[in-house]
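# Close look at the chain arrangement
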Amino acid sequence: MSRSPSLPERPRLELDPDMTPSERLGALTDHHAQLVKVNRELEAQLDSARARREDLTDEVDQLERENETLKTSSLYVATAEEIIDDGVVVKQHGNNQEVLTELPTQLREGLEAGDRVAINDSFSIQSQLESETDARAQAMEVDESPTVTYDDIGGLEEQIQEVREAVEEPLINAEQFDEIGIEPPSGVLLHGPPGTGKTMLARAVANETDATFIKMAGSELVRKFIGEGSRLVRDLFELASEREPAIIFIDEIDAVAAKRTESKTSGDAEVQRTMMQLLSEMDGFEDRGEIRIIAATNRFDMLDRAILRPGRFDRLIEVPEPDAEGRKRILEIHTGDMSLADEVDFERLAEETDGFSGAELASLATEAGMFAIRDGRTDVRTEDFVDALEKIEEGDQTEGQPVAFY
Ligand SMILES: Nc1ncnc2c1ncn2[C@@H]1O[C@H](COP(=O)(O)OP(=O)(O)OP(=O)(O)O)[C@@H](O)[C@H]1O
């Protein structure tokens, strides 16, 4: 970098009191001439500083443009194969080309062989990518030993019975199916309104069969893991076979298996690929051992019928909103650990909660407990349930409909 030129020395005016007037005039004229000279020098320096500033501004603009181009240009995905001192051998995905490139200082600590990186045209590493196992871990919930039991589920006796036949029996009694010579259902589809216990049913069957529960949400596959859907579906089945006995639970399957629409956007194509992968995993599924598949949806009407063909989700179980008897049972379950005043009448509460789902009844019980706490009591009374009911109905924007209770 060039150094800035030093400033000219400031001229000094030296006047002696013994000077004659003409000597004084001479000294002042000299001083004036020096000042004019210094002023000229300073102006010249200012001009060159201005010119330099213009050059630098142009340079900054140019660098900013280059930076922008670098940021917006596409990068390639590669895997760091081997790390050697300050270098790393990367293998580009797609063409498998291997190159030795420099390991950027900021990645010296964190990068390990096997990690994915983004590289530019000249193979220089631009960033480290989230590892595939992270995406897999994020997309799937794995519960080695779920604790929900059939007794924790209220009002779904028939559905429990059906799930036991379709999922539990083939897992614990496979020989029976062989002996009789029939194929157990391939996949079970639970359909019904939100919060009615579909996930609970799947967890409970995993618990009762000592199976690992592996959950994947269809909606996340298409929203959060765009472009990775079909790979994650493959991983899901692979993981299940590593962990068998296992229950695969695909929640909100409608997100990946909705009827084909007219639009042909790239998003649709991606969803389509994910569904095709799911279908091909299910079609090639027969001899996979102790793995059962359960899916759930709140939008049965939207499903592509292709997933309901024999060999795929061929056992449909409807999980409806609970009736009064079911609501009573669900309330009893969710208040099981609460200290209730004797007056609390579940029969009555069940009548007043027509249209409530299991999830809403669970939050009604919690809310009632909160009202008792707010009131400084240790027992939960009818009035707490009335307050909780009002609060929940207000939340539902059904205000104005008086809560007819006691
Ligand atoms: N039948 C039920 N018996 C007891 N509790 C229930 C029942 N249904 C729902 N619940 C309560 O509601 C919560 C949510 O239920 P769950 O996740 O099983 O519903 P879901 O049908 O899978 O809902 P979604 O379709 O929204 O995923 C449960 O954790 C439980 O507390």
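Residues numbered from 1 in each chain as written. Predicted model: local features only at pLDDT ≥ 70, side-chain atom pairs only at ≥ 80, totals over all residues. Heavy atoms only, no water.

If you look the chain up in an unreviewed UniProt entry, it shows as Proteasome-activating nucleotidase from Halosimplex rubrum. Quoted verbatim from the Subunit (unreviewed entry) field of the UniProt record, the comment on the chain reads "Homohexamer. The hexameric complex has a two-ring architecture resembling a top hat that caps the 20S proteasome core at one or both ends. Upon ATP-binding, the C-terminus of PAN interacts with the alpha-rings of the proteasome core by binding to the intersubunit pockets." The Sequence similarities (unreviewed entry) comment attached to the chain in UniProt states, word for word, "Belongs to the AAA ATPase family." (UniProt positions renumbered as here; feature names shortened; annotations may be inferred.)

## Considering the layout of surface pockets
As a volume, the second largest pocket reaches approximately 290 Å³. Lining the second largest pocket we find 20 residues, and of these Gly-195, Thr-196, Gly-197, Lys-198 and Met-200 sit closest to its centre. Broken down by secondary-structure element, the contributors of at least two residues to the lining of the second largest pocket are helix H5 (198-208), helix H9 (324-334) and helix H11 (358-374). Counting the residues that make up the lining of the second largest pocket, at least three belong to each of domain 3 (139-318) and domain 4 (324-395). (1 Å grid on protein atoms, 1.4 Å probe; cavity = no way out; pocket = protein on both sides within 12 Å on 5 of 7 lines; lining within 4 Å. Points joined across faces, edges and corners; volume = space filled by probe spheres on them. Helix = DSSP H or I, 4+ residues; strand = E, 2+ residues; numbered from the N terminus. Domains from an automatic or database assignment.)

## Overview of the pattern of salt bridges
The final tally for this structure, using the stated rule, is 17 salt bridges. Measuring nitrogen to oxygen at the nearest pair gives 3.2 Å for the salt bridge that ties Glu-168 to Arg-164. Taken together, the residues Glu-168 and Arg-164, both in helix H3 (residues 157-172) and four residues apart, mark about one turn of the helix. Note on Arg-164: relative accessible area 33%, which makes it partly exposed. (Salt bridge = Lys/Arg side-chain N within 4 Å of Asp/Glu carboxyl O. Buried < 20%, exposed > 50% of the residue type's maximum accessible area, 1.4 Å probe, protein only.)

## A short note on a nonpolar patch on the surface
Side chains of Leu-13, Leu-15 and Leu-28 sit close together on the surface and give an oily, nonpolar patch of about 220 Å² of accessible area. Note on placement: Leu-15 falls in the segment before helix H1 (21-72). On the accessibility criterion, Leu-15 (34% relative accessible area) is partly exposed. (Patch = residues over 30% accessible without salt bridge, like charges linked within 9 Å, V, L, I, M, F, W, Y side chains within 5 Å. Areas by Shrake-Rupley, 256 points an atom, 1.4 Å probe, with all protein chains shown as cover.)

## Side note on unusual backbone geometry
Residue Pro-245 is bonded to the preceding Glu-244 through a cis peptide linkage, with omega at 0°. Tracing the backbone through its elements, the reader meets Pro-245 in the loop between helix H7 (229-242) and strand S9 (246-251). The phi angle at Asp-85 is positive, at roughly 45°, despite the residue not being glycine. When you line up the elements, Asp-85 lands in the loop between strand S1 (76-84) and strand S2 (87-92).

## Brief notes about the UniProt feature "binding site: ATP" (unreviewed entry) in the chain
Sequence positions flagged by UniProt for "binding site: ATP" (unreviewed entry) are, in local numbering, Gly-195, Thr-196, Gly-197, Lys-198, Thr-199, Met-200 and His-334. Restricting the annotated residues to those that line the second largest pocket leaves Gly-195, Thr-196, Gly-197, Lys-198, Thr-199, Met-200 and His-334. Note that Gly-197 resides in the loop between strand S7 (187-191) and H5. By secondary structure assignment, the location of His-334 is in helix H9.

## Observations regarding empty space enclosed by the protein
Evaluated as defined, the whole model comprises one cavity of 30 Å³ or more. Taken as a whole, the largest cavity holds about 40 Å³ of empty space. The wall of the largest cavity is formed by Met-216, Leu-221, Val-233, Leu-236, Ile-250, Val-256 and Leu-278. Classifying every residue of the lining of the largest cavity gives seven nonpolar, no polar and no charged. (Nonpolar A, V, L, I, M, F, W, Y, C, P; charged D, E, K, R; others polar.)

## Brief notes about the packing of H9 against H11
Contact geometry for H9 and H11: axes closest at 9 Å, N-to-C directions at 45°. Considered as vectors, H9 and H11 are oriented oblique to each other. As for how H9 packs across H11, the hand of that crossing is right-handed. Across from Arg-327, Ile-330, Leu-331 and His-334 in H9, the residues of H11 making contact are Gly-358, Leu-361, Ala-362, Leu-364 and Ala-365. Tallied by class, residues from the contact of H9 with H11 come to six nonpolar, two polar and one charged. (Axes fitted to C-alpha atoms, helices over the stretch in contact; angles between N-to-C directions. Parallel < 35°, antiparallel > 145°, perpendicular 65-115°, else oblique. Left-handed = near helix turned anticlockwise from the far one by under 90°. Contact = heavy atoms within 4.5 Å.)

## Considerations on the sheet that holds S1
Taken in spatial order, the five strands line up as S3-S2-S1-S4-S5 in an open sheet, and their pairing is antiparallel. Each having just a single partner strand, strand S3 (98-102) and strand S5 (125-128) make up the two edges of the open sheet. The sheet shows a mean angle of 45° between the axes of neighbouring strands, taken without regard to direction. Judged from the four bridges that link them, S1 and strand S4 (residues 116-119) form a sheet pairing that is antiparallel. Looking at S4, one finds that Thr-79 is bridged to Arg-116. (Pairing = 2+ DSSP bridges.)

## Describing the site of the ligand
Near the ligand, the surroundings consist of 18 residues, among which Gly-154, Gly-195, Lys-198, Thr-199 and His-334 are the closest. Between the ligand and Gly-195 there is a distance of 2.8 Å, counted from an oxygen atom to a backbone nitrogen or oxygen. Between a nitrogen atom of the ligand and a side-chain N or O atom of His-334, the distance comes to 2.8 Å. Contact with the protein chains hides 77% of the accessible area of the ligand, taken as 630 Å² for the molecule alone. More than half of the atoms belonging to the ligand lie within 2 Å of the grid points that define the second largest pocket. (Near = heavy atom within 4 Å. Polar contact = N/O pair within 3.5 Å; in protein donor to acceptor, adjacent residues only side chain to side chain. Sits in = over half its atoms within 2 Å of the grid points.)

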